[in-house]
Amino acid sequence: MDKPTKAPAQSGVDQKTLWNGSAGRAWVHNQRLLDQLFAPFEALLASDGVLGAATHVLDVGCGTGATTLAIARRLGVQGACVGIDLSEPMIAVARNRAAQEQVNVRFLAADAQAHAFERADFDLIVSRFGVMFFEDPVRAFANLRRAARADARLSFIAWRSAAENPFMTTAERVAAPLLPNLPVRPPGGPGQFAFADPDRIRAVLAESGWSDIDVQAIDVACAMPEDGLVPYLTWLGPVGQLLQDADERTRARIIEPLRAAFAPYVHGGEVRFDAACWHVSARAQGSAR
Ligand SMILES: C[S@@+](CC[C@H](N)C(=O)[O-])C[C@H]1O[C@@H](n2cnc3c(N)ncnc32)[C@H](O)[C@@H]1O
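So, here is what we can say about the structure in this document. (Residues numbered from 1 in each chain as written. Predicted model: local features only at pLDDT ≥ 70, side-chain atom pairs only at ≥ 80, totals over all residues. Heavy atoms only, no water.)

## Some details on the pairing of strand S4 (residues 122-128)
For S4, the buried fraction is high: seven of the seven residues fall into the buried class. As judged from the three bridges shared by strand S1 (residues 56-60) and S4, these two strands associate in the parallel manner. Among the inter-strand pairings, leucine 58 is bridged to a residue of S4, identified as isoleucine 125. Strand direction decides the pairing type here: S4 and strand S5 (residues 148-159), joined by six bridges, are parallel. Considered in S5, the bridge of leucine 124 is made with arginine 153. (Buried < 20%, exposed > 50% of the residue type's maximum accessible area, 1.4 Å probe, protein only. Helix = DSSP H or I, 4+ residues; strand = E, 2+ residues; numbered from the N terminus. Pairing = 2+ DSSP bridges.)

## Some details on the environment of leucine 229
By the element assignment, leucine 229 lies in helix H11 (residues 229-235). Given the relative accessible area of 4%, leucine 229 is considered buried. Counting along the chain gives 156 residues from leucine 229 to arginine 73, while the straight-line C-alpha distance between them is 30 Å. With near-sequence residues (within four places) excluded, leucine 229 lies in contact with Phe167, Met224, Phe262, Val266 and Val271. (Contact = heavy atoms within 4.5 Å.)

## Thoughts on the site of the ligand
Near the ligand you find 18 residues, and of these Gly61, Asp85, Asp111, Ala112 and Arg128 are the closest. Taking aspartate 85, its side chain carries an N or O atom lying 2.6 Å from an oxygen atom of the ligand. Contact between the ligand and alanine 112: a nitrogen atom at 2.9 Å from a main-chain N or O atom of the residue. Here the ligand, which alone exposes 600 Å², has 98% of that area covered by the protein. For the shell around the ligand, a count of residues per class yields ten nonpolar, five polar and three charged. (Near = heavy atom within 4 Å. Polar contact = N/O pair within 3.5 Å; in protein donor to acceptor, adjacent residues only side chain to side chain. Areas by Shrake-Rupley, 256 points an atom, 1.4 Å probe, with all protein chains shown as cover. Nonpolar A, V, L, I, M, F, W, Y, C, P; charged D, E, K, R; others polar.)

## Considering helix H6 (residues 66-75)
In an α-helix, one turn spans 3.6 residues, which is why side chains three or four residues apart end up on the same side. Within H6, eight of the ten residues are buried, which leaves the element mostly enclosed by the surrounding structure. Residues of H6 that are buried: Ala66, Thr67, Thr68, Leu69, Ala70, Ile71, Ala72 and Leu75.

## Let's talk about the packing of aromatic side chains
Under the definition given, this model contains 18 aromatic pairs. For the pair phenylalanine 141 and phenylalanine 156, a centre-to-centre distance of 5.7 Å together with 35 degrees between the ring planes defines the contact as tilted. Pair noted here: phenylalanine 141 is in helix H8 (residues 137-147) and phenylalanine 156 is in strand S5, with a separation of 15 residues, a long-range link. By the burial criterion, phenylalanine 141 is buried, and phenylalanine 156 matches it. Measuring from centroid to centroid gives 5.6 Å for phenylalanine 262 and tyrosine 265, while their planes differ by 40 degrees, and the two rings are tilted. In this structure tyrosine 265 comes out as buried when scored by relative accessible area, which is 16%. An aromatic cluster of three or more residues is present, and its members are Trp19, Trp27, Phe38, Phe41, Phe129, Phe133 and Trp159. (Phe/Tyr/Trp six-rings, centres within 6.5 Å; stacked < 30°, edge-to-face > 60°.)

Set out below in structure tokens:
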């Protein structure tokens, strides 16, 4: 059966508002913690195996820029890495970080679905968890295809299903009975698990001009210090975003049951879990424009 490639309409969720508002604030406030937690994916995307002979790399949904900067460091003066992101506050952090290093990097505050890239220049397009939020993924990946040279490669990381990633959903399961306003993640809509279905990934990429599509399941060990757990839970995901504006009484009422539910992830001063993800690769074929 054909898989629908266009995300269902969202009720009240506007990605631009979200990433320039509560979600962007959460990622800016917790930048160091998140970069530590997701460092294995930065290392993967900046590895020889992914970079190959690429010299002009685009990082989509680059956020506060960790992966963009890591790639720019690897490319050195021979190449350049551009990061694009919808979130002005996250791009501001990325630019600030770049200003403190001698790296060939540039950051664009723009929507990757629609941005008119100057020319078909990139020989590699990467993303660490930045491509699941498109309202129209086919339009987005077709636009990225136009930004790519003929024969350029695509390499991105996306989450597998919520069921395979209990660390990411335990907070909402525990908090739902206590927080009646907790938003429910709309199935199939833009969001963390939008690419859980590998057939949907293949259909979106095939429809938007990518070929040699390869979707590999990877299970990646992630870790952060134990004192990062409460900041993580009270800033990120649907629960964290709601708690950002909650009064102290509500926060106190939620934090203890949350902490108890996450006890199985705490090991000797560290929080550890396996991230169940897809590593997706594809190739742009033919003329880009
Ligand atoms: C989960 S965060 C990942 C950020 C970064 N890649 C990292 O790993 O630190 C998702 C990012 O995608 C960005 N994003 C969402 N929709 C986008 C779009 N249409 N164009 C560009 N960026 C987008 C968000 O602003 C956010 O920074």
